[in-house]
Amino acid sequence: VMCLDNLEAAEEALQQIEDEADRWSDEWFEEQLGGNKVDQRLASVDVTDEKREEIEEIVNNVDCLEYWSQYIAPTLKHRDKAKKIVLIMLASPEDKNGTKGRVNMLAYGPPGTGKSVIKNYLVSEFEAESIDGPRVSKADITYNKSSDEFGQLPKAHKGVLVVEESDEMDNAPLGAALTSLGESGKIEIRDREIPAEAQGVFLSNFDTVEHAKAQWSKEAVNRFDFKVHFDRLSEELKDETIDWHYKYFRQPKPRENEDLLFAYLKMCRSYHPEIAELDEISEFKSKRVEEFTNIRQGLSVMNIAWIIARLNLSDVKLTHYKQAYELLCG
């Protein structure tokens, strides 16, 4: 009986081994890499006819970027630009045909100005990967040989990576992260290029963008489409914000209707705009091309315009391009 039990156990173990993907095989890679957490979060969302009609009615009557961004991190006050950028990130497409669809944001400013609220929102609602800059090593974000596990960047493939206190990152992990956030969307592990198409939200205590360029480099800072200053609120705005939190203390916050937001995002992410007013856009761009610091920024403006059109369930028009231009270059 013991021999029979041992044989059955051995056969079961062998079957488990055969069922497991070979280490470093394509199948194993797929299992280890992160996936599009936004799509995964929205997969179970039911866009009913009633919700679709309600959303279409809203879309037809509002500035969608302005309106829907108020649903993002609803407890965060007076950070409208940052909330708009998070909405744009959530609606952004994956890379396609050599064109980068992913969007990155560098948030800078002193502690206690609301940057961590953005992190908490992305982690809790969309399973963003999160790391702490001062304590992260290159192995933590790429590959740990001791545990034979992928780090945060491959886990954030097609998702979002949030780095707190990114200004305190060492050069090695910072360099790997910026490579991942760039056009290649890859990192090198064991002489292999590993997909790591992450969107980055880097939170920092830099005083200014020039401070960031001095500590990192101009090229490193240019990896970020958006550089957003979290300054200290005036006494008036601080008082107003505290009053708002008192008013809704331990109560549901306005615009905290996640069901409607998620249904809206699901509709947006299934919409693929065409560029309807290319001649008008090109003419507008040509008159301001000297304001683009490089080709990357010019492409970024069109990418953001495409996403804004998607948020409006519309093809790309000059108005969308102007909005993108103001956000990036204004």
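Refer to the structure printed above.
Because the structure is predicted, anything quoted here is derived from the model rather than measured.

### Quick notes on the environment of Pro254
Then, number 1: With respect to the secondary-structure elements, Pro254 resides in the loop between helix 13 (235–247) and helix 14 (258–269).
Then, number 2: When its relative accessible area of 33% is taken as the criterion, Pro254 is described as partly exposed.
Then, number 3: As a C-alpha pair, Pro254 and Ile72 span 182 residues in sequence and 11 Å in three-dimensional space.
Then, number 4: Those residues in contact with Pro254, other than ones at most four positions away along the chain, are Pro74, Trp244 and Tyr248.

### Re helix 10 (residues 171–181)
Then, number 1: Among the residues making up helix 10, those that are buried are Pro173, Leu174, Ala176, Ala177, Leu178, Ser180 and Leu181.
Then, number 2: Next to the buried residues of helix 10 lie helix 8 (138–141), helix 9 (152–155), strand 6 (186–189), strand 8 (199–204) and helix 12 (218–221).

### Focus on empty space enclosed by the protein
Then, number 1: Counted by the stated rule, this structure contains two cavities of 30 Å³ or more.
Then, number 2: Together, 13 residues line the largest cavity, and Asn36, Ser92, Glu94, Lys158 and Gln199 are the ones closest to its centre.
Then, number 3: Looking at side-chain class alone, the lining of the largest cavity contains four nonpolar, four polar and five charged residues.
Then, number 4: Roughly 40 Å³ of volume is contained in the second largest cavity.
Then, number 5: Lys37, Val38, Leu122, Phe126, Ala128, Gly159 and Val160 together form the lining of the second largest cavity.
Then, number 6: Mapped by element, the contributors of at least two residues to the lining of the second largest cavity are helix 3 (37–42) and helix 7 (115–126).

### Topic: the nonpolar core
Then, number 1: Membership of the largest hydrophobic core comes to 64 residues, with the highest contact counts inside it found for Trp68, Ile88, Leu122 and Phe226.
Then, number 2: Beyond its immediate stretch of four places on either side in the chain, Trp68 contacts Ile55, Ile58, Val59, Leu87, Leu260, Leu261 and Tyr264.
Then, number 3: Trp28, Val163, Leu174 and Ala198 belong to the second largest nonpolar core, which has 33 residues in total.

### Quick word on the pattern of salt bridges
Then, number 1: For the structure on display, the rule yields 15 salt bridges.
Then, number 2: Where Lys119 meets Glu164, a salt bridge forms, and the shortest distance between an N and an O atom there is 3.1 Å. Taken as a pair, Lys119 in helix 7 and Glu164 in strand 5 (residues 160–164) lie far apart in primary sequence, 45 residues in all. Grouping residues by exposure puts Lys119 and Glu164 together as buried.
Then, number 3: The closest approach of N and O atoms between Lys238 and Glu235, which form a salt bridge, is 3.3 Å. Separated by three residues within a single helix, Lys238 and Glu235 lie in helix 13, roughly one turn from each other.
Then, number 4: Sharing partners across several salt bridges, the network here consists of Glu94, Lys158 and Glu197.

Parameters at a glance
Residues numbered from 1 in each chain as written. Predicted model: local features only at pLDDT ≥ 70, side-chain atom pairs only at ≥ 80, totals over all residues. Heavy atoms only, no water. Helix = DSSP H or I, 4+ residues; strand = E, 2+ residues; numbered from the N terminus. Buried < 20%, exposed > 50% of the residue type's maximum accessible area, 1.4 Å probe, protein only. Contact = heavy atoms within 4.5 Å. 1 Å grid on protein atoms, 1.4 Å probe; cavity = no way out; pocket = protein on both sides within 12 Å on 5 of 7 lines; lining within 4 Å. Points joined across faces, edges and corners; volume = space filled by probe spheres on them. Nonpolar A, V, L, I, M, F, W, Y, C, P; charged D, E, K, R; others polar. Core = buried A, V, L, I, M, F, W, Y, C linked by side-chain atoms within 4.5 Å. Salt bridge = Lys/Arg side-chain N within 4 Å of Asp/Glu carboxyl O.

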